Structure formats: C-alpha cells, structure tokens
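Here is how the chains run, residue by residue.
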Amino acid sequence: MDSYLTSQDYSELHIFQDKKIDFFAAICLHTKGRGPAIGGCRFINYTSKDDAIQDAIRLSNAMSYKSAISELAHDGGKAVIMLPKHEYDRALFLKKFAECVNSLSGKYITTVDSGTTQEDMTIIKNHTPYVIGYLTGTDADSNPSDSTALGVYTGIKAAVKLKYEKSSLQGLHIAIQGVGSVGYRLAKLLHADGVLLTVTDTDIEHAKRVAVELHANFVEPDNIYSVACDVFSPCALGRIINQNTISQFKAKIIAGAANDQLATEDMSDVLYNMGILYLPDYLLNAGGLIHLAMQMQDKNASFIENEVKKIGDRIYRMTATAKEFGISLFQVVQEAARKIPYNAF
Ligand code: NAD
C-alpha cells in the first residue's frame, strides 16, 4: 500500500475511523486550485480498507479531470464509506460522515454516488453545509442521473454524426450494458428516437422488464460485448474494456456513462487502431457533475440542460483536434485535462 500511496497523483487523503461502530471512511482530494472539490460519496461493500482507499484515490483523480474538461471551477474529490457486513444505524453513519466532511471546512463538497441517495444527502445536510444533491423541492432537484443520461445521449448523437455521418439516430442499433439509474434513462431517450436497443444487466429480471417496455432485445451479461451493433454503451462497471473483451467489439463507437472504463490506458490505442471511436468517460458522463455545480449556483433546470448539452460541442471540437494531429480523441481529452492550469476558470 505504501508504494501505491506514494505513486498516485492526489493532494490530500483523509482517513476517518470509529472502531466502536465499525465506521471507516476516506476522502481524497485532487486539488488544482480551481475551487472546492465536488465528488460523490460511495457507501458500498469493499473487500478491504486498502480497496476502499484506492477507490477514493482513483475516482478523485477522474473527478478532477471531469471538472477541468467541463470548465467547472471545482477540483476533484471522492469519498468512500465501507458498508458494514452487519446491521448498522444508517442515520448515525451519515451523521458521522457529515462530521468528516465538515472537518475539511468546505474544501470538499459531497454528493450522491453508488450506495447513497438524495434522501441520504438530505440527512447529511442537517449536519454540514458542504453537500449538494439533497432534496429541496425546486425544479433543479431532478436526479443528477437525468443529466448524466442526457449528456451521454448528446455525446452519442455527436459521435454518430462524426463516425457514420448521420444526423438522426433512427434505425441505429445500440447495446447498453447496465440499465440502472443512468442506463435506463438513456435507453428511454434512445428508444424515443427510434433506436433499436439491446440491453443487459446482472439484475436479469429488471433487464428483461426494460426490454419488454422498450421493445428491446435482451442478452445475457457476458454476451453484450459481441452484439453486432452501431454503438456499445457501457453504463455499469469500470474496467470493462480489457484484454478479454476488446477483440469482441463489433460497434464502431463506444460511448457510455460508466466511470473508469479502460482497464489500462493503452486500451485506448488498441481501440483507435481498430477504427473504434471511443468517447472518454470523464468527457461524456459529466452531466451529473455539471448539474450539481450549476445547482450550487442556483441555476434553473433549463439553464442546466443547456450546460449539459455542451458536452456535444466539446466532442466536435476535440475530435477536430484529434483529426488534425492524427491522434485519438482519448489522447486529446487526456492531454487537455492534464494541462488545464491552476485557477483556469
Ligand atoms: P446503478 O447502480 O444505478 O446502475 C448500474 C447497473 O449496472 C445496475 O442495474 C447493475 O445491476 C448493473 N450491472 C452491474 N454489473 C453489471 C455487469 N457486469 N453487467 C451488466 N450489468 C451490470 O449506477 P448508475 O448510477 O446508473 O451508474 C452507472 C455507471 O455510470 C457507474 O459506473 C457510475 O459510476 C457511472 N456514473 C454515474 C453517474 C450518475 O449520475 N449516476 C454519473 C457519472 C458516472
């Protein structure tokens, strides 16, 4: 773990523990001086404390890139709470976590992520002001997943125009891996545009229900990679583009919401050489973050929607740069995110 901790690119790592109630949390910040770090709080099962800490580090970095690329005045941050293997008092855990967030005096603003809900954020709000994504009863309240799905949908439309020179999605075939919060919303948007869908999910019954509702095909989870389709949209897990899956892809576009899709960065070169347009996750799935950052500025729903749709413009602009230099879109986005200077916005 020592060598991992020293090799990673982050600024601050805070560990919090209360052995009496088996509470263990970590907050990692990737600070570039752009503004307070925003990032979700995962409250999920981890195999070990090291595993939880590594998740916080990896994802805080990704949040920093996402924020930079989306031109938001925020740094990257991520929090994790280890889900106890026994019964626990959720309200107490959320209060404890809120106190951890509070101790950072506003350097980190927490929000929803895997295993936490807007209702949880509403509880956290009782104990710290440094939280966003709680329920307020206004129109901008809508779930950030709506904006994430809208961003991915906008990005898919841009990619289809760039790769297939089509301005409509009508009649295209798109395979979605994971029809949870984002994947299901995306599926509905695509269905409304006349897209033929293939869906999968490890929750087989749920995926079959979605398939019936949206007149989609259902395939078993392991078969989704090789579906002969126009776009493959990973909306479930990270690291699904790896040595085992890469040779299976038939789609010429990969564009989905899942964080951390490439098992290793060199996978992006393999995709590029295969003629596959890969839309980097932190460019494409920034809708939820944009939504929350705008909500902090009291912007209304239509303003937020316009900001989210700018993801499409970024894809056109960066693809033009990629073409000019004969490199992949991934390389352009990565370089841009790394180079965004301190105090850029
Ligand atoms: P979710 O938990 O609601 O949905 C994920 C779905 O994937 C679940 O239905 C789950 O059963 C399914 N799944 C898990 N493993 C699978 C597998 N091997 N094969 C097929 N299906 C599988 O999560 P979500 O909020 O929809 O997020 C989806 C992805 O997008 C995650 O990687 C998340 O980090 C990322 N993301 C989400 C948001 C957001 O606004 N929710 C924002 C940015 C990024």
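From a predicted model like this one, the values you see are computed outputs, not experimental measurements.

1. Thoughts on the pattern of salt bridges
Part 1: Per the counting criterion, the structure on display carries 16 salt bridges.
Part 2: The shortest N-O distance in the salt bridge between Glu-12 and Lys-107 comes to 2.9 Å. Of the two residues, Glu-12 is situated in strand 1 (residues 12-18) and Lys-107 in the loop between helix 3 (90-103) and strand 5 (108-112); the sequence distance between them amounts to 95 residues.
Part 3: Accessibility expressed as a relative area gives 40% for Lys-107, which makes it partly exposed.
Part 4: A salt bridge links Arg-185 to Asp-146, with the nearest nitrogen and oxygen atoms 2.6 Å apart. Here the residue Arg-185 occupies a position in helix 6 (residues 181-192), and Asp-146 occupies one in helix 5 (residues 144-164), the gap between them amounting to 39 residues.
Part 5: Overall, the relative accessible area of 32% leaves Asp-146 in the partly exposed class.
Part 6: Connected through shared salt-bridge partners, Arg-42, Asp-55, Arg-58, Lys-78, Asp-113, Arg-239 and Asp-260 make up one network.

2. Overview of the site of the ligand
Part 1: Around the ligand, the structure places 18 residues, and the nearest of them are Thr-148, Ser-181, Val-182, Asp-201 and Ala-236.
Part 2: Burial of the ligand by the protein amounts to 73% of the accessible area it has alone, namely 830 Å².
Part 3: Taken together, the residues of the shell around the ligand break down into six nonpolar, nine polar and three charged.

3. Structural notes on the domain arrangement of the protein
Part 1: Segmentation of the protein into domains returns domain 1 (2-125) and domain 2 (144-339).
Part 2: Between the C-alpha centres of domain 1 and domain 2 the distance comes to 25 Å.
Part 3: Where domain 1 abuts domain 2, roughly 1,700 Å² becomes buried across the two surfaces, and 70% of that area is made up of carbon and sulfur atoms.
Part 4: When the area that domain 1 buries against domain 2 is broken down by residue, the three leading residues are Tyr-65, Lys-66 and Ile-69, summing to 40%.
Part 5: The interface formed by domain 1 and domain 2 holds three salt bridges in total.
Part 6: Of all the secondary structure elements, the ones that give two or more residues to the side of domain 1 that touches domain 2 are strand 3 (37-44), helix 2 (49-69) and strand 5.
Part 7: If you tally residues by element for the side of domain 1 that touches domain 2, the top one is helix 2, at nine residues.
Part 8: Taken together, the residues of the side of domain 1 that touches domain 2 break down into ten nonpolar, five polar and four charged.

4. Section: the nonpolar core
Part 1: Counting 58 residues, the largest nonpolar core has Ile-156, Ile-176, Leu-186, Leu-190 and Leu-197 as its most contacted members.
Part 2: Sorting elements by how many residues they give to this core places helix 5 first, with eight residues.
Part 3: Residue-level mapping places this core at the junction of two domains, with at least three residues from each of domain 1 (2-125) and domain 2 (144-339).
Part 4: Leaving out residues up to four positions away in the same chain, Ile-176 has contacts with Gly-183, Leu-186, Ala-187, Leu-190, Leu-197, Thr-198, Val-199, Thr-200, Ile-224, Ser-233 and Cys-235.
Part 5: Listed in part, the 22 residues of the second largest apolar core include Phe-16, Ala-25, Leu-94 and Val-131.

Calculation notes
- Residues numbered from 1 in each chain as written.
- Predicted model: local features only at pLDDT ≥ 70, side-chain atom pairs only at ≥ 80, totals over all residues.
- Heavy atoms only, no water.
- Salt bridge = Lys/Arg side-chain N within 4 Å of Asp/Glu carboxyl O.
- Helix = DSSP H or I, 4+ residues; strand = E, 2+ residues; numbered from the N terminus.
- Buried < 20%, exposed > 50% of the residue type's maximum accessible area, 1.4 Å probe, protein only.
- Near = heavy atom within 4 Å.
- Areas by Shrake-Rupley, 256 points an atom, 1.4 Å probe, with all protein chains shown as cover.
- Nonpolar A, V, L, I, M, F, W, Y, C, P; charged D, E, K, R; others polar.
- Domains from an automatic or database assignment.
- Buried area = accessible area lost by both parts, 1.4 Å probe.
- Core = buried A, V, L, I, M, F, W, Y, C linked by side-chain atoms within 4.5 Å.
- Contact = heavy atoms within 4.5 Å.

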